[in-house]
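Read off the chains here:
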Amino acid sequence: MPKQLLQGNQAIAMAAEVAGLKFFAGYPITPASEIIHEMVNKKHIKVLQMEDEIASLNAVIGASLAGLKAMTATSGPGFSLMQESIGLAHMMEVPLVIVNVQRVGPSTGMPTLPAQGDVIQCIHGSHGDYFPIVFYPNSVFELYKFTVNAFNAAEESMSPVILLSDGYISHLYETIIPHRDFDIKKRDRQPLGAGNRHFTGLSHEDSLPKTSDIDNYRRLITRLHEKQQLTAQRYNDYEYIECSKDTDTLLISYGALSRIAYHFKDTFSLYRPIRMFPVVEEIKIIAPRYKRIIIMEMNTGQYAHEIERILHREVEFIPILGGRIDLVEINQKLLGVNHDRRP
Amino acid sequence: MNKDTGFKRYLKIDLLPTPWCPGCGNGIVLKTICQAFDELNLPKNGTVVVSGIGCAGRSAGFFDLDSVHTAHGRAIPVAEGIKYANDALNVVVVSGDGDLLGIGGNHLLHAIRRNTNITVICYANEIYGMTGGQVSPTTPHGTKTLTTPNGNQDQPANVQSLFKHHNCYYARTTAYHLNHMKKCITEALKFNGFSFVEARTMCIVNYGRRLGYKNSNEMLLHYKEFYKVNDNATELAQNEIGIIKSAS
Ligand SMILES: Cc1ncc(C[n+]2csc(CCOP(=O)(O)OP(=O)(O)O)c2C)c(N)n1
Ligand code: SF4
C-alpha cells in the first residue's frame with residue numbers, strides 16, 4: 001500500500017468507504033464540506049445534499065434502517081440541529097456515524113477557526129438519557145482509523161456513533177498509509193421491508209409502544225446503557241506518555257490541542273483520551289500517580305468537569321479559546337502556577 | 001404476521017383498539033389506506049410505512065408491515081432516506097397536517113422539488129389534535145381554537161399550490177367520500193413520482209365539538225354538503241375535492 005498525502009477530511013471519506021459506507025446525506029458547512037465533496041465522486045455511495053442538517057440525519061436514519069451503512073458530516077451549527085434525531089436514533093437503535101468537525105461557537109461564532117466546544121453536547125445535546133460512543137482522533141491517520149472504528153462500533157452497539165474532529169486536524173495534510181487491514185462488521189438486522197417490525201421513538205418493548213409502562217422504560221434504558229458500555233469496552237483507546245523525568249503533573253489534552261502537548265513530554269506526563277465517551281476507565285488508575293492534573297482544552301472546561309466527576313478530585317485547567325494554538329502563549333500558561341477557572 | 005385476507009391483512013388486528021377517541025376520523029383513513037393497498041395487492045414484504053408524531057402519526061404502528069414512527073415532522077426525510085437506499089420498496093408516509101405542513105413543511109417543499117417516488121397521506125383535521133386543539137396550518141381563517149381564542153387571524157396553507165409547476169401528484173378528498181378517497185390513494189400509490197393525498201378528516205374531541213358539532217357524524221355530513229368532486233381540474237376550488245396530476 002503506497003503512502004498518500006491526505007487532508008483530514010479526505011481521510012475520513014476514504015475510510016468510510018473502506019468501512020462499507022453506501023449512503024451519505026449532508027448539508028454544506030465549514031470546516032466539514034470537503035467530506036461531502038469527496039463523497040460525490042465515489043461510485044458506490046448514494047449522496048444526497050438535503051435542505052438542512054435535520055433532514056440529513058433523518059435521511060441517514062431511513063437509509064440505515066433500509067440496510068445501508070450511512071453517515072453524515074457537519075460542524076457545530078448543524079450538530080445542534082441534529083440533536084433531536086440523535087435521540088431518535090438511540091431510541092430506535094439505528095447504527096450510523098456522525099462526524100462533527102468543530103469550529104468556534106456558540107452560534108455562527110468563527111467558522112474558519114478550530115474549537116472543542118461541542119464535547120459535552122455529544123453526550124447531553126439531545127433530551128433524555130442516552131449513552132453515545134464518541135471518538136476524537138488527533139492526526140490524519142487516526143481520523144482514517146477511527147472512522148472505520150466508528151462504523152464498527154455503530155454496528156456492534158446498533159447506535160449512532162460520533163466522530164469528533166476540529167477545523168485544525170480536518171484541514172491538516174499528512175502522509176499516511178491508507179491500509180485496508182480492518183475487520184469490517186456487518187449489519188446484524190434485516191433491512192426494512194422484511195417483516196412487521198415497528199421502529200419508534202416512543203418507549204417500547206420490541207415492536208410495541210409502551211407509553212406509560214414505567215418498569216418497561218427502566219428496563220429499556222438499562223439495556224441501552226449496558227449495550228453501549230459493552231461495545232465501548234472494545235475500544236479502550238487513549239494515549240499515555242510517561243515523562244522520562246520525575247514529575248508530579250499529568251497534562252491531559254485531546255484533538256488538535258494534544259499535538260502541541262507533545263512539546264511538553266519532558267516536563268509533564270501526558271494523557272490523551274481518544275474514546276472521549278464513555279470516559280475510558282484507565283484514567284482512574286493513571287491519575288492517582290500524580291499530585292497535579294492539568295487539563296488543557298479549547299473550551300471553558302467541558303472535559304475538565306467530566307474528569308473531576310470521574311476522579312472525585314479537583315483539577316487545574318487551561319482554556320485555549322478562539323482557535324489560537326500558540327506555543328509561546330501555552331508555554332506561559334502551563335509554566336505559571338495556580339491555573340484558575342477564568343478563561 | 002396477520003393471516004387475514006382482504007384489507008385486514010395489512011393491519012395488526014390484535015393491537016386494536018387504536019388510542020383514538022370514539023368518533024375520530026383517523027380510523028376511516030387508516031382503513032381506506034389498507035383497502036387501497038389491498039386493491040393494488042401491495043406485497044407486505046416490500047412496503048414500508050413511515051409516520052411523524054400526533055394522533056395521525058400513531059397509525060404507523062397498526063400496519064402489519066415494517067413501519068417507522070419518527071420524530072415530529074421528520075417522516076418525509078426518513079422516508080426519502082429509505083427510498084433512496086432501496087428503490088424497490090414502496091414507501092408510504094402517514095401523518096397529520098401539523099406534522100407534515102407545520103414543523104415538517106420545509107421537508108415537504110424539498111421532497112416535492114426532488115420528486116422522490118414516495119406517497120404521503122396527510123390526515124388533515126384542521127387542528128393539532130394530540131396536544132389538545134391548537135391552531136394548525138390548515139385551520140380556516142376566523143376559527144376559534146385553544147390558541148386563537150379570537151379566531152384564527154391567518155389564512156390556511158394552500159397545499160395544492162405547492163405542487164404547481166412540479167411533476168407531482170396532489171389529491172384532496174374527505175372521510176365522507178370513501179370511494180373517492182380510495183381512488184385518490186390508489187392512484188397516488190401507482191404514481192411514479194412524489195404523490196400527496198390531503199385527506200380531510202374529523203377531530204371531534206379537540207376541534208369539532210368546540211365548533212358546535214354534536215358528533216362526528218355531523219362533521220361527515222358537512223363534508224358531504226360542502227365538497228364537490230372534480231377529478232378533471234388543474235386547480236381545485238376551496239369546496240372541491242379531486243386529483244391533480246401536475247402538468248410536466
Ligand atoms: C418537536 C416537538 N414539538 C412539539 C411536540 C408536541 N406535539 C405532539 S403531536 C403535535 C401536533 C400534531 O398535530 P397534527 O400533526 O396535526 O396531528 P393530529 O394529532 O392532529 O393527528 C405536537 C405539537 C412534539 N412531539 N415534538
Ligand atoms: S384528539 Fe382528535 S384527532 Fe386525536 S384521536 Fe381524538 S378525535 Fe382523533
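Definitions and cut-offs
- Residues numbered from 1 in each chain as written.
- Chains lettered and ligands numbered in written order.
- Predicted model: local features only at pLDDT ≥ 70, side-chain atom pairs only at ≥ 80, totals over all residues.
- Heavy atoms only, no water.
- Buried < 20%, exposed > 50% of the residue type's maximum accessible area, 1.4 Å probe, protein only.
- Helix = DSSP H or I, 4+ residues; strand = E, 2+ residues; numbered from the N terminus.
- Pairing = 2+ DSSP bridges.
- Right-handed = clockwise from strand over helix to strand, strands pointing away.
- Phe/Tyr/Trp six-rings, centres within 6.5 Å; stacked < 30°, edge-to-face > 60°.
- Contact = heavy atoms within 4.5 Å.
- Buried area = accessible area lost by both parts, 1.4 Å probe.
- Salt bridge = Lys/Arg side-chain N within 4 Å of Asp/Glu carboxyl O.
- Nonpolar A, V, L, I, M, F, W, Y, C, P; charged D, E, K, R; others polar.
- Expected span 1.5 Å × (residues − 1).
- Axes fitted to C-alpha atoms, helices over the stretch in contact; angles between N-to-C directions.
- Near = heavy atom within 4 Å.
- Polar contact = N/O pair within 3.5 Å; in protein donor to acceptor, adjacent residues only side chain to side chain.
- Domains from an automatic or database assignment.

Hey, could you run me through the pairing of strand 8 (residues 160-166) of chain A in this one?
Working note: regular strand, side chains alternate between the two faces of the sheet. Residue and element names in this part refer to chain A. The element strand 8 is largely enclosed, with a buried count of 7 among its 7 residues. Burial along strand 8 is two-sided: the residues P160, I162, L164 and D166 and V161, L163 and S165 are all buried. Taken together, the 7 bridges between strand 5 (residues 96-104) and strand 8 define a ladder with parallel strand orientation. Bridge pairing links V101 to S165 in strand 8. Inspection of the sheet shows strand 7 (residues 134-135) paired to strand 8 by 2 bridges, in the parallel sense. Its bridge partner being in strand 8, F135 is matched across the sheet by L163. For the handedness criterion, the β-α-β arrangement of strand 7, helix 6 (residues 140-157) and strand 8 is classed as right-handed.

Would you explain the packing of aromatic side chains in this entry?
The way to describe two aromatic rings as a pair is by their centre distance and the angle between their planes. Taken as a whole, this structure holds 19 aromatic pairs over all chains when the rule is applied. Summarising the aromatic geometry, the rings of B:W20 and B:F62 are spaced 6.3 Å apart at their centres and angled 45° between planes, so their arrangement reads as tilted. Remark: B:F62 occurs in the loop between strand 1 (47-51) and strand 2 (66-69) and B:W20 occurs in the segment before helix 1 (26-40); sequence separation between them is 42 residues. Geometrically, the ring pair formed by B:F163 and B:Y170 is tilted, given 5.4 Å between the ring centres and 40° between the ring planes. For B:F163, a relative accessible area of 1% gives the class buried. A connected cluster of aromatic rings, assembled from ring pairs, spans A:Y136, A:Y254, A:F277 and A:Y303.

Honestly, the interface of chain A and chain B in this entry has me stumped. Any pointers?
Many descriptions give the size of an interface as the accessible area lost when the pieces come together. Tallying the contact residues gives 34 residues for chain A and 31 residues for chain B. The junction of chain A with chain B conceals about 2,600 Å² of combined surface from both sides, 59% of it contributed by carbon and sulfur atoms. For the pair chain A and chain B, the interface holds 3 salt bridges. Two residues, A:R197 and B:D66, come together in a salt bridge whose shortest N-O distance is 2.7 Å. Sorting the residues of the side of chain A that touches chain B by element identifies strand 3 (46-49), helix 3 (53-65), helix 4 (76-92), strand 10 (198-200) and strand 12 (208-209) of chain A as the ones contributing at least two each. At 7 residues, helix 3 of chain A tops the list of elements feeding residues into the side of chain A that touches chain B. Of the residues contributing to the side of chain A that touches chain B, the split by class is 19 nonpolar, 10 polar and 5 charged. Of the pairings in the sheet, the one linking strand 10 of chain A to strand 2 of chain B comprises 3 bridges and is parallel in character. Looking at the pairing, A:H198 lines up with B:S67 of strand 2 of chain B.

So what exactly am I meant to see when it comes to helix 3 of chain A here?
Residues that lie three or four places apart on an α-helix share one face, since the helix turns once every 3.6 residues. Residue and element names in this part refer to chain A. In this model helix 3 runs 18 Å from its N-terminal to its C-terminal C-alpha over 13 residues, within 8% of the 18 Å that 1.5 Å per residue would give. In terms of burial, helix 3 is a largely internal element, 13 of the 13 residues being buried. Residue G67 follows helix 3 closely and has a positive phi angle near 110°.

Explanation requested: the sheet that holds strand 17 (residues 292-297) of chain A in the structure shown.
Within a beta sheet, neighbouring strands are joined by backbone hydrogen bonds and run either parallel or antiparallel to one another. All names here are of chain A. Overall, mixed pairing links the 5 strands, which are arranged 13-15-14-17-18 in an open sheet. If you trace the sheet from one side to the other, it starts and ends with strand 13 (238-241) and strand 18 (316-319), each paired once. Taken over all neighbouring pairs, the strand axes of this sheet differ in orientation by 15° on average, direction set aside. Two elements, strand 17 and strand 18, share 4 bridges in a ladder whose sense is parallel. When the sheet's bridge partners are listed, M296 is paired in strand 18 with I318. Against the sheet, helix 11 (residues 302-311) contacts strand 14 (249-252), strand 15 (269-273), strand 17 and strand 18, and its axis sits at roughly 150° relative to strand 17.

Explanation requested: the site of ligand 1 in the structure shown.
Residues and elements named next belong to chain B. Taken together, 16 residues form the shell around ligand 1, and within it C55, A56, G98, D99 and G129 come nearest. In this structure, M130 approaches ligand 1 through a main-chain N or O atom, which is 2.9 Å from an oxygen atom. At the level of secondary structure, the elements contributing two or more residues to the shell around ligand 1 comprise helix 3 (97-103) and strand 5 (127-128). For the shell around ligand 1, the leading source of residues is helix 3, giving 4 residues. In terms of residue class, the shell around ligand 1 is made up of 7 nonpolar, 7 polar and 2 charged.

Whenever I open this one, the site of ligand 2 confuses me. Can you help?
Near ligand 2 the following residues occur: B:W20, B:C21, B:C24, B:C55, B:N125, B:G129, B:C203, B:I204, B:V205 and B:N206. For the shell around ligand 2, the class distribution of residues is 7 nonpolar, 3 polar and no charged.

What should I look at first to understand the pairing of strand 17 of chain A in this one?
Residues and elements named next belong to chain A. Among the 6 residues that make up strand 17, 6 are buried, leaving the element largely enclosed by the rest of the structure. Covered by surrounding structure in strand 17 are R292, I294 and M296 together with I293, I295 and E297, the residues of both alternating faces. For strand 14 and strand 17, the ladder comprises 4 bridges, and the chain directions are parallel. Along strand 17, the bridge assignment pairs L250 with I293. The parallel pair strand 17 and strand 18 is bridged by helix 11, and the resulting crossover is right-handed.

For this particular structure, what's the right way to read the domain arrangement of chain A?
All names here are of chain A. When the domains of chain A are assigned, the result is domain 1 (4-235) and domain 2 (239-339). Residue-level contacts link 30 residues of domain 1 with 22 residues of domain 2. Both faces considered, domain 1 and domain 2 share a buried interface measuring about 2,100 Å² in area, 57% of it formed by carbon and sulfur atoms. Of all residues in domain 1, Q116, Y136 and N138 give up the largest surface area on contact with domain 2, accounting jointly for 30% of the area buried on that side. At the junction of domain 1 and domain 2, the tally comes to 2 salt bridges.

Sorry, what's going on with the environment of A:N138 here?
Residue and element names in this part refer to chain A. On the secondary structure map, N138 appears in the loop between strand 7 and helix 6. Placed 23 residues apart in sequence, N138 and A115 show a C-alpha to C-alpha distance of 13 Å. In this structure, N138 is in contact with I169, G255, S258, R259, Y262 and R272, ignoring residues within four places of it in sequence. Of note is the side chain of N138, whose polar atom sits 3.3 Å from the side chain of R272.

Teacher, can you tell me more about the environment of A:Q4 here?
Residues and elements named next belong to chain A. Relative to the elements of secondary structure, Q4 occurs in strand 1 (residues 4-7). Assessed through its relative accessible area of 30%, Q4 is described here as partly exposed. With 275 residues separating them in the primary sequence, Q4 and V279 have C-alpha atoms 33 Å apart. Dropping the residues within four chain positions of it, Q4 is found in contact with M14, E174, T175, I176 and P178.

Could you clarify how one ought to interpret the pattern of salt bridges in this entry?
Pairing between side chains of opposite charge can happen when their charged atoms approach one another. Summed over all chains, the structure comprises 29 salt bridges over all chains. Two residues, A:E156 and A:K185, come together in a salt bridge whose shortest N-O distance is 3.6 Å. Highlighted residues: A:E156 in helix 6 and A:K185 in the loop between strand 9 (173-176) and strand 10, separated in sequence by 29 residues. Of the residues examined, A:E156 reaches a relative accessible area of 22% and is grouped as partly exposed. Between B:E80 and B:R114 there is a salt bridge, and its shortest N-O distance comes to 2.9 Å. With a gap of 34 residues between them, B:E80 in helix 2 (residues 75-85) and B:R114 in helix 4 (residues 105-114) connect regions that are remote in the sequence.

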